[in-house]
There are 2 protein chains.
Amino acid sequence: MVQQSRTTTADVTLRQVDAQWRAANYLTVGQLYLRENPLLTDALTLDHIKPRPLGHWGTAPGLNFIYSHVNRAIIAHDLDALCVVGPGHGGAALCANSWLDGTYSASHPEVPQNSAGMRELFRQFSTPEGVPSHTGPHIPGSIHEGGELGYSLAHAYGAVMDNPGLVAVCIVGDGEAETGPLAASWHANKFVNPDTDGTVLPILHLNGYKLDNPTVLSRIPTDQLGSLLRGYGYVPLFVFAGGCEVFVAHERMTLALDRAVDLIREGRQPVIVFESPKGWTGPRIVEGLPVEGTWRSHQLPYKTIDDRHLEKLQTWLLSYQPGALFDADGKPAAHVQALIPRGDARMSANRHTNGGAILQRLDLAEPAQYAVDVPQAAPGTADAAPTTVLGHYLADVFDRNAQARNFRLFGPDETTSNRLTAVYRATGKRWNGRLELTDANLDRDGRVMEILSEHLCQGWLEGYLLTGRHGMLSCYEAFAHLVDSMVDQHAKWLKTAAQAPGRLPIASLNQLITSHVWRQDHNGFSHQDPGYLDHITNIGADVAAIYLPPDTNTLLHVARECLSSTGKINVIVAGKHDSPVWFDATSAAEHCERGAGIIDWTSTPSAVDRDDESSPDIVLGCAGDVPTTETIAAAHLLQHYLPQLRTRVVNVVDLLRLQSPSQYRYAISDAQYEGLFPPTCPTLFAFHGYPALIHRLTYRRPGHEHLHVRGFTDRGSTTTPFDMLVRNGIDRYQLVIDAIDLLPDHAAQAAALRQKMVDAHTRHKQWIRDHGTDMPSVQHWYSDPEEALDDHGIPGR
Amino acid sequence: MVQQSRTTTADVTLRQVDAQWRAANYLTVGQLYLRENPLLTDALTLDHIKPRPLGHWGTAPGLNFIYSHVNRAIIAHDLDALCVVGPGHGGAALCANSWLDGTYSASHPEVPQNSAGMRELFRQFSTPEGVPSHTGPHIPGSIHEGGELGYSLAHAYGAVMDNPGLVAVCIVGDGEAETGPLAASWHANKFVNPDTDGTVLPILHLNGYKLDNPTVLSRIPTDQLGSLLRGYGYVPLFVFAGGCEVFVAHERMTLALDRAVDLIREGRQPVIVFESPKGWTGPRIVEGLPVEGTWRSHQLPYKTIDDRHLEKLQTWLLSYQPGALFDADGKPAAHVQALIPRGDARMSANRHTNGGAILQRLDLAEPAQYAVDVPQAAPGTADAAPTTVLGHYLADVFDRNAQARNFRLFGPDETTSNRLTAVYRATGKRWNGRLELTDANLDRDGRVMEILSEHLCQGWLEGYLLTGRHGMLSCYEAFAHLVDSMVDQHAKWLKTAAQAPGRLPIASLNQLITSHVWRQDHNGFSHQDPGYLDHITNIGADVAAIYLPPDTNTLLHVARECLSSTGKINVIVAGKHDSPVWFDATSAAEHCERGAGIIDWTSTPSAVDRDDESSPDIVLGCAGDVPTTETIAAAHLLQHYLPQLRTRVVNVVDLLRLQSPSQYRYAISDAQYEGLFPPTCPTLFAFHGYPALIHRLTYRRPGHEHLHVRGFTDRGSTTTPFDMLVRNGIDRYQLVIDAIDLLPDHAAQAAALRQKMVDAHTRHKQWIRDHGTDMPSVQHWYSDPEEALDDHGIPGR
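Residues numbered from 1 in each chain as written. Chains lettered and ligands numbered in written order. Predicted model: local features only at pLDDT ≥ 70, side-chain atom pairs only at ≥ 80, totals over all residues. Heavy atoms only, no water.

Engineer: So what exactly am I meant to see when it comes to the relation of the copies chain A and chain B here?
Structural biologist: Mapping between the two copies of the chain is achieved by a rotation about an axis and a shift along the axis. At an RMSD of 0.0 Å, chain A and chain B line up after a rotation of 180° and a shift of 0.0 Å along the axis. Given the turn and translation reported, the copies of this chain are related as if by a two-fold rotation axis. No C-alpha of chain A lies nearer the rotation axis than that of Gly180 of chain A, which sits 1.9 Å from it. Take the interface residues of chain A: 99% of them recur as interface residues in chain B, which is what a same-surface contact looks like. (Least-squares fit on C-alpha atoms with pLDDT ≥ 70 in both. Contact = heavy atoms within 4.5 Å.)

Engineer: Looking at this model, I keep getting lost on the sheet that holds strand E19 (residues 618–623) of chain A. Mind explaining?
Structural biologist: Residue and element names in this part refer to chain A. An order of E18-E20-E19-E21-E22 is seen for the 5 strands of this open sheet, with the pairing classed as mixed. The open sheet is flanked by strand E18 (596–598) and strand E22 (707–710), the only strands paired with a single partner. Strand after strand, the sheet turns through a mean of 20° between neighbouring axes, direction not considered. Taken strand by strand, helix H22 (residues 691–698) contacts strand E21 (683–687) and E22, and its axis lies near 150° from that of E22. (Pairing = 2+ DSSP bridges. Helix = DSSP H or I, 4+ residues; strand = E, 2+ residues; numbered from the N terminus. Axes fitted to C-alpha atoms, helices over the stretch in contact; angles between N-to-C directions.)

Engineer: What's the story with the side chain of Asn523 of chain A in this structure? I'm lost.
Structural biologist: When you line up the elements, Asn523 of chain A lands in the loop between strand E14 (509–514) and helix H17 (532–539). A distance of 3.3 Å separates a polar atom in the side chain of Asn523 of chain A from a polar atom in the side chain of His522 of chain A. For Asn523 of chain A, the residues in contact, after removing those within four places along its chain, are Tyr476 and Thr718 of chain A together with His56, His89, Ser133 and His134 of chain B. (Polar contact = N/O pair within 3.5 Å; in protein donor to acceptor, adjacent residues only side chain to side chain.)

Engineer: I keep staring at the interface of chain A and chain B and nothing clicks. Help me out?
Structural biologist: For interface size, the figure often reported is the accessible area lost on association. Across the contact, 116 residues belong to chain A and 115 residues belong to chain B. Together, the buried faces of chain A and chain B total about 8800 Å²; carbon and sulfur atoms form 55% of this surface. Broken down residue by residue, the surface that chain A buries against chain B is led by Arg52, Arg219 and Leu452 of chain A, which jointly contribute 8%. Across the chain A-chain B interface, the total number found is 14 salt bridges. In this structure, the salt-bridge partner of Arg219 of chain B is Asp439 of chain A, at a minimum N-O distance of 2.8 Å. The interface formed by chain A and chain B holds 46 residue pairs in polar contact (both at pLDDT 80 or more) in total. (Buried area = accessible area lost by both parts, 1.4 Å probe. Salt bridge = Lys/Arg side-chain N within 4 Å of Asp/Glu carboxyl O.)

Engineer: I'm lost on helix H19 (residues 585–594) of chain A in this one. Help?
Structural biologist: Residues spaced three or four apart along an α-helix point in a common direction, a consequence of the helix completing one turn every 3.6 residues. Residues and elements named next belong to chain A. Looking only at H19, the buried set comprises Ser587, Ala588, His591 and Cys592. Axial view of H19: buried residues confined to an arc of 135°, hence all on one face. Considering only its buried residues, H19 is in contact with helix H18 (552–563), E18 and strand E20 (647–652). One or two positions beyond H19, positive phi appears at Gly595, with a value near 90°. (Buried < 20%, exposed > 50% of the residue type's maximum accessible area, 1.4 Å probe, protein only. Arc of directions from axis to C-beta.)

Engineer: Can you walk me through the packing of helix H18 (residues 552–563) of chain B against helix H19 (residues 585–594) of chain B in this structure?
Structural biologist: To describe two helices that pack against each other, one gives the angle between their axes and the distance between the axes. Residue and element names in this part refer to chain B. Relative to each other, H18 and H19 sit at 55°, their axes nearing to 8 Å. Considering their axes alone, H18 and H19 lie oblique with respect to each other. Relative to H19, H18 is oriented so that their crossing is right-handed. In contact with Asn553, Thr554, His557, Val558 and Glu561 of H18, H19 contributes Ala585, Ala588, Ala589, His591, Cys592 and Glu593. (Parallel < 35°, antiparallel > 145°, perpendicular 65-115°, else oblique. Left-handed = near helix turned anticlockwise from the far one by under 90°.)

Engineer: I would appreciate a short explanation of the packing of aromatic side chains in the present structure.
Structural biologist: Aromatic rings considered in pairs are described by the distance between their centres and by the relative angle of their planes. Within this structure, the stated rule accounts for 55 aromatic pairs over all chains. Relative to Trp316 of chain A, the ring of Trp57 of chain A has its centre 5.0 Å away and its plane inclined at 80°; by these criteria the two rings are edge-to-face. Taken together, the positions of Trp57 of chain A in the loop between helix H1 (12–33) and helix H2 (60–77) and Trp316 of chain A in helix H10 (residues 307–318) put the pair 259 residues apart, joining distant regions of the chain. One aromatic cluster is present, formed by Trp186, Tyr232 and Tyr234 of chain A together with Trp186, Tyr232 and Tyr234 of chain B through successive ring pairs. Between the NZ or CZ atom of Lys492 of chain A and the centre of the ring of Phe525 of chain B, over which it lies, the distance is 3.8 Å. (Phe/Tyr/Trp six-rings, centres within 6.5 Å; stacked < 30°, edge-to-face > 60°. Lys NZ or Arg CZ within 6 Å of the ring centre and 35° of its normal.)

Engineer: Even after reading the chapter, I still don't get the pattern of salt bridges, so can you show me in this structure?
Structural biologist: Side chains that differ in charge, positive against negative, can pair when their charged atoms come close. Residues and elements named next belong to chain A. Scanning all chains against the criterion turns up 74 salt bridges over all chains. Among the ionic pairs, Arg732 bridges to Glu630, the shortest N-O distance being 2.9 Å. In this pair, Arg732 is assigned in helix H24 (residues 732–742) and Glu630 in helix H20 (residues 625–641), connecting sequence segments 102 residues apart. The buried category is assigned to Glu630, whose relative accessible area is 3%. The network of salt bridges with shared partners includes Asp162, Asp197, Arg405, Arg408, Arg430, Asp445 and Arg447.

Engineer: Please explain the sheet that holds strand E3 (residues 199–206) of chain A as it appears in this structure.
Structural biologist: For sheets, the rule is that strands pair by backbone hydrogen bonds, running either parallel or antiparallel. Residue and element names in this part refer to chain A. If you walk across this open sheet you meet the 5 strands as E1-E2-E3-E5-E4, and the pairing is parallel. The open sheet has two free edges, formed respectively by strand E1 (80–85) and strand E4 (235–240), since each of these has just one partner strand. In this sheet, adjacent strand axes meet at a mean angle of 20° when their direction is disregarded. As paired strands, E3 and strand E5 (residues 270–275) are joined by 4 bridges and run parallel to one another. Counted as the bridge partner of Leu206 is Glu275 from E5.

Engineer: What's the story with the nonpolar core in this structure? I'm lost.
Structural biologist: Generally speaking, soluble globular proteins have nonpolar side chains that are buried together. Counting residues in hydrophobic clusters, the biggest one holds 203 residues, and the most contacted among them are Trp460 and Leu655 of chain A together with Trp460 and Leu655 of chain B. Excluding residues that lie within four positions of it along the chain, Trp460 of chain B makes contacts with Ala154, Tyr157, Gly158, Met161, Ala188, Phe191, Phe410, Met449 and Ile451 of chain B. (Core = buried A, V, L, I, M, F, W, Y, C linked by side-chain atoms within 4.5 Å.)

Engineer: Any chance you could explain the confidence of the model for chain A here in plain terms?
Structural biologist: Low-pLDDT portions of the prediction should not be read for the details of their coordinates. Residue and element names in this part refer to chain A. Of all residues in chain A, 96% have pLDDT values of 70 or greater, and the mean over the chain is 94. Low pLDDT (under 50) marks residues 1–9, which in the prediction has 18 contacts with non-local residues, meaning those over four places away or in another chain. Segment residues 792–797 is flagged for pLDDT under 50; beyond a separation of four residues in sequence, or across chains, it makes 14 contacts in the model. Here the predicted complex scores 0.97 on pTM and 0.96 on ipTM. (pLDDT = per-residue confidence, 0-100.)

Engineer: Which parts of the structure should I look at to understand helix H6 (residues 152–160) of chain A?
Structural biologist: All names here are of chain A. By the criterion of burial, H6 is predominantly enclosed, with 9 of the 9 residues buried. Buried residues of H6: Ser152, Leu153, Ala154, His155, Ala156, Tyr157, Gly158, Ala159 and Val160, and no others. Looking at the buried residues of H6, the elements they touch are E1, strand E2 (166–173), helix H7 (180–185), E3 and helix H15 (454–466). Count one or two residues on from H6 and you reach Asp162, which has phi positive near 60°.

As structure tokens, then:
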């Protein structure tokens, strides 16, 4: 515990910190209420008040207090610091502080550092076409959107990775601290290394209340809170700022920050617990009810300003002594500015916080160097495990960028399960805890980040990207839903940042979705859910992309493109099991660039002419590695038994380009679309995910009424890989049956083939009942359909 | 710390516990590997081995150890206990234990408690058409699916609420403990009250490893772990079972459990830290690499069994001395059964774990008692805030069921913000922490559960429902995504439980989605996301329902239906601001029962005939409260200015019934659908959420090509409520414009109206720029369009 001095004699430093704090508080209250008369040069009238005051006061004075003190500490200790502000609605406080230090005016010239600018600062806040009430990309120095709570500490830890010397001050709200992601984030300290990473300095903003309730951490005994924080591995420093003279609070905070810096320089991990009244310095009582120090100060102490409150609001504003804080032109006075750092030392100008501006492109190998060799004459004759090969490519990414130290791989304890193990020849798994003799691949300087928390992995990656680096996250498909909301908020950040002055695009957030639905036959129903793609689709193609590379070589191409892109959320779906390689390196690149294309060699030769609308009798569409294999197997069966049928196979890689060009400017043009899927021709589409997603994407396309989609229909549990396909009606036999049923004329030959397929299903069921595994033939794609059928014992050779 | 006895002299009790443990271990290994020869009566051959061994060993011996010891404690202390098993893949262990105690055979007669049953127990595990490798509804006594990690402790706390005397033993995996939801759940102990609730006894299963890595909690110093758990408010009891003689471990665990029971009876909250080697009693070394005590034991120590491993597997199995554990017929020996509780005292037969069997229906008032009075001649002339009125109804639910104590309301610190405050006249917010004078509505026995964690609220509610009670969760719409994955897993539980022998339907999980996208104009972009409905749609209408009541009275009806339903996930979307009431209580009930219907009074009289396909010129469809208001406003403008136009308004309440009957058996029939939306007539549909969802639901409906949907298109941030609508193209003026544009002939009259609407948009933009608020007219729905227009100053009266 920090020694609590009883002095109330404030020295010059504390008076300067106090002036800074009061100035920020004044600017905060002004943003909440005023549209005119920013310096209170006239007596306040209702005309000066916003028509619809909006915003949050409660957290702001504490944030301003901390910010002012950290400013002092930066100067005193020559710190390289940035600030992550967890408390959701702290936007006004951060606007105030960045206006005070000049960065806000620099990036928003329409809000200069004078009285006209102060007026504009007040007017824009929480008004139409203005700025929102949360922190966000519009605030210089922010790397964190304050709307959804829980991710501040994870973002801060992501920011300090590979930034030795950097201090990320992370203000954690005591409300936010109740969320799962934040509760898990405290343990992130086991994954940073003081030699090669910076330090996170968490400041628990213990103001006692969230929106409408006391907070858990504010109502447990202090020794219990200390025990908890020590249990997380921190050295807690308590600052009790409530119930004491304000200069005592200043002195305590000064001592605590100085001690924290000492501890950081000793390689230890301090946490400051800053206890202060919610709504500190605001109205104590409003309409007979206590406000300061209660949850009632969360939003506006005075919900609206009428005659009754006008004078009280004026008194409140004047309590900060604005005349002593700003000159006649509204410029902050010298003593207010005295302890605000200059230039890049300002937290709101910290170079790491505008990641796009310091982004260094990754050095990336040509995918061809890692491509699986496929004889162009015999596609599908080589097998490879897509993510295994990608692991080799990623190892190369680590090697090439070892000096830049700007790439990391994140995963919830699944990097090995996802078969990316080749990366361990280039780097290890980061672990700064106790090591044991039996450990493997753990490394105090490893660049693979694993903890069993999708939230933490995602939050770390976001923080790492926002500060100008690159990364990829691999994740079981079903559990990607855990970060639905996080990825949404990151998308919102990207969309807003694209409009924010001075922000440059950061590296894309790349998610490798693997261990996917079609190969969770051993884990069963709980692990089977491809719905993450639907969620990503809602984000919109301006920011999100979904790639379904059909094989290993297309995966390599897609991965390279994603790793070199900026400003996007790229979701790549790929399997981890051996599967056929259809494209050599060159054709893989061409296919991916087009986004979708006819697979000529597996289509009937007469059905590949894009300009002849009547050329195919049926199109077999597919997206996803497993559906592509089944589709190609089905096409082969059709061609072998119904050689007169003109069958075309179309594979889609870049899913959102299926949308109409009216919805997405990089969509496949309607002409190109019709060249692949002729509007009058039936299309049977085998899709990796829920079938409805394909309908949703294509409903504006010509011929949509002839599109029939197969995909995951929520069937299956613990079974065999092929049985998962059979249960969901997307296996090769069912595709052949469905294709035949879609054709106008059922020739006798077709009827016979149809029966063969029905028999094959029967035989499959019996086989897995007898053997517990799949028939050998369906474990592969066969170039010789007779051989395949023979293996099943289906009559009719 | 528990006193560590040095004795190795096992008394009878410990020998019986040990026998039980060995029997469970034997049965676990059998499930992983064997398909024949269950009792090892013959020498093991490859024919006895499963063709595809699957499953997880690592966690099982620890689970079995704990289970056997808790069994002893139940008998010794006459406990009413159930068991929640967090470690994901513990299914085999739980199957083993419930087979040993007889409950498995009772609910699965095909798996009797003899050698034939043991053979079947082994064969079914992780095989096609068998049982999955996780705990789940198929295991008697389970209330927790082990597939997705992180929810065990929240489920356990939900289970003990209102069950005084019940002990929920919750085995928390040290991998699972790294997840956010689990990390937050430790603090749930502040929300249970020893007088009216039961107790959760967490047992941290510290076996050191997760799938592929050491766990964080196993590698921090023991004193730090103790400090952490004390910080959470528990009394930690450490049991070190590794590295000591096994009977020492038994004795330590016995002492710890006895001490835990004492502490619970003193009203304190113990936690047991059980440290043991992962894969304990399994192979130490396989192919030269250490397995027992490392992550390599997570799944199968021997991945496959060939000649090399056959003998080792046999040795492993025989190490448990099966001959002494089971009689010749496979029945567990007397000393194995000695310390297994009987009857309902068995954890797998605990009555609370089959919630449907003890479910007591809620006593629910008729919605009419709380309905807002609407003169049938003047719909829309009364305003009400839907959730405010619902709050009164819910208060009544609390009152009527006060004795049964079987209803709770859950919310992440938002019950007041969501305007459900009327409930506080019936009950308070549960708070067992320190109370302060300024606190309001906090109550040590309150039935409103608030913590700032959607995960925890959802997990508590699930646990509460699974143990046979009722509840509702209210949540900001945008942040419902936080529990996407949880609700998915609950849906999977419901689907699987419906097939599980002996399980009866539990009460539905009711989610009130409010503070929705259209009124987050003050919180801005981060709070605007209606995509949760898309996620719920993927779950499927067999288990999920989405209700969009257009007003307060329909909300009341829907809420009553949801609260009295079972086996579903009901998502209700409702606003919290004053809005028009369109339906009186009777017509609200009729409208909701139909799921969708024509709103006669606001349609042109000639356009309401369902049987006359040519009757309307245009259909204005709507779903959601705000879109309905805009649609009715638009319909009025059209009728006033284009009285010759036959306009029909159709409102949809029960969203998933829009799907084709081929997709959902309770869907609106095609004939009914065509009676609402004639296939040749253009429909302009104003939807609460993303427009694509309506297309997705209706793509199989006749006339889909004439359906044009407006909804949220990701535009807007901090602005005014009406401006949110304008920005997303779903406001009344835009609907009129779009309706005119959809009609084949633009009469001069229509062109003039269209221009009026364009002018109204211009005026709106100017108004909010000038005033910062909405024009007074658009803040209401007006029955006199002239008045409305006049207010805007649009020429043309």
